[in-house]
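Examination of the molecular architecture
Here are the chains, one letter per residue:
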Amino acid sequence: MKNILIIGSTGQIGTELALTLRKHYPTVVVGYIPSAPPHGELLETGPSEVVDITNAAQIAEVVRRYKIDTIYNLAALLSAVAEAKPQLAWKIGLGGLFNVLEVAREEGCAVFTPSSIGSFGPETPRDMTPQDTIQRPKTMYGVTKVSGELLSDYYHKRFGVDTRSVRFPGLISNVAPPGGGTTDYAVDIYYAAVREGKFACPLKPGTYMDMMYMPDALRACMELMEADPSRLVHRNSFNITAMSFDPEGIAASIRELIPSFELHYELDPLRQGIADSWPNSLDDSCARSEWDWKPQYDLPAMTRDMIETIRRKG
């Protein structure tokens, strides 16, 4: 990777990924849509261009102008939002991915497109979900993710495009705000704990899902794209995880630092239904063996860092 384009750069992952990549690579172009422009450090530290994933010509023009060799395609609607806008979710998730892959085929780019635990469904084994297993999601978000995995594999096998991907668990960030995902409660709960001392959880006790702290997620993106391709048996998409917990578990970790923290429940049927269709935990042994994946943060370490960072913000 030398010259990188990030599409969807002002979202939950893109904001932090761009700043991280700019510490390591000479050109990182922040691609954005006019309704979500970059601000502050993201705007000031490197080039930015309007890149609408539904506009293939626009993508191609930026790729040629900056001599892009790697595209991080992060444009998507998150799970709960996608259920409210399924047609738009398909247009961005699959139509947009097709545009990116076509440009990559023509211009010789590598492509990273994140998948998700949402690519699994209720028939999938729920505990230590295997790398290769049944994927029958029941949400539009999940449908676009599993379809994206297949389309990316097709472009690699048929056209030689260097496509790579991970199935992200829930991502917890102390920088970017949540954007309508089912796992976002695990971000909100930290802010509520520090600022209000209590939290109304939209998911019921015992709802286990895989999670990961954003620094690990960013490192996973970079490490996979730098991995030796000869070692990659899989490409689209690798299970990766760092921890699995339910609301009671994250609350207990918060009480280690904020003993008075109170948790109660105001269930959201939509998010609960989505969460119930996802795995409790993932088996990420293929990522560990094929490109040496290993998380650095567990739940206690993440909780300490989240609370310290939020307190510094005030």
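Here the structure is a predicted model, which is why all the values come from computation and not from measurement.

With that settled, consider the sheet that holds strand 1 (residues 3-7). Ordered in space as 3-2-1-4-5-7, the 6 strands form an open sheet in which the pairing is parallel. A single partner strand is all that each edge strand has here, and the edge strands are strand 3 (48-50) and strand 7 (163-164). As paired strands, strand 1 and strand 2 (residues 27-32) are joined by 5 bridges and run parallel to one another. Across the sheet, the residue bridging to Ile4 is Val28, located in strand 2. Taken strand by strand, helix 1 (residues 14-21) contacts strand 1, strand 2 and strand 4 (70-73), and its axis lies near 170° from that of strand 1.

This paragraph deals with the side chain of Ser152. Tracing the backbone shows Ser152 in helix 6 (residues 140-159). Overall, the relative accessible area of 3% leaves Ser152 in the buried class. Beyond its immediate stretch of four places on either side in the chain, Ser152 contacts Leu97, Leu101, Thr163 and Asn236.

Burial along strand 10 (residues 198-201) is one-sided: the face carrying Phe199 and Cys201 is buried and the face carrying Lys198 and Ala200 is not. Bridge count for strand 10 against strand 14 (residues 262-265) is 4 bridges, and the pairing is parallel. Note on strand 14: the bridge partner recorded for Ala200 is His264.

Another point: the state of the cysteines. What makes a disulfide is a covalent bond joining the sulfur atoms belonging to two cysteines. All chains considered together, the criterion is met by 0 disulfides. Residue Cys109 stays outside any disulfide, its sulfur separated by 17 Å from that of Cys221, the closest cysteine. Look at Cys109 and you get buried, because its relative accessible area is 3%.

This brings us to the packing of aromatic side chains. Applying the stated criterion across every chain, the model contains 8 aromatic pairs. Here the aromatic rings of Tyr154 and Phe159 are separated by 6.0 Å at their centres, their planes lie at 85°, and the arrangement is edge-to-face. According to the relative accessible area criterion, Tyr154 is partly exposed, its value standing at 44%. In this structure Phe159 comes out as partly exposed when scored by relative accessible area, which is 34%. Residues Trp291 and Trp293 carry aromatic rings whose centres are separated by 6.0 Å and whose planes lie at 45° to one another, so their mutual orientation is tilted. Across this residue pair, the class does not change: Trp291 and Trp293 are buried. Among the aromatic residues, ring-to-ring pairing joins Phe98, Tyr154, Tyr155 and Phe159 into one connected group. The aromatic ring of Phe159 is capped on one face by Arg105, whose charged end is 5.2 Å from the ring centroid.

Between helix 1 and helix 8 (residues 214-226), the least distance of the axes is 10 Å, while the angle of their chain directions is 60°. It follows that helix 1 is oblique to helix 8 by the angle criterion. Seen from above, helix 1 lies across helix 8 with right-handed handedness. Two secondary-structure elements touch here, helix 1 through Glu16, Leu17, Thr20 and Leu21 and helix 8 through Met214, Leu218, Cys221 and Met222. Tallied by class, residues from the contact of helix 1 with helix 8 come to 6 nonpolar, 1 polar and 1 charged.

Conventions we followed
- Residues numbered from 1 in each chain as written.
- Predicted model: local features only at pLDDT ≥ 70, side-chain atom pairs only at ≥ 80, totals over all residues.
- Heavy atoms only, no water.
- Pairing = 2+ DSSP bridges.
- Helix = DSSP H or I, 4+ residues; strand = E, 2+ residues; numbered from the N terminus.
- Contact = heavy atoms within 4.5 Å.
- Axes fitted to C-alpha atoms, helices over the stretch in contact; angles between N-to-C directions.
- Buried < 20%, exposed > 50% of the residue type's maximum accessible area, 1.4 Å probe, protein only.
- Disulfide = S-S within 2.5 Å.
- Phe/Tyr/Trp six-rings, centres within 6.5 Å; stacked < 30°, edge-to-face > 60°.
- Lys NZ or Arg CZ within 6 Å of the ring centre and 35° of its normal.
- Parallel < 35°, antiparallel > 145°, perpendicular 65-115°, else oblique.
- Left-handed = near helix turned anticlockwise from the far one by under 90°.
- Nonpolar A, V, L, I, M, F, W, Y, C, P; charged D, E, K, R; others polar.

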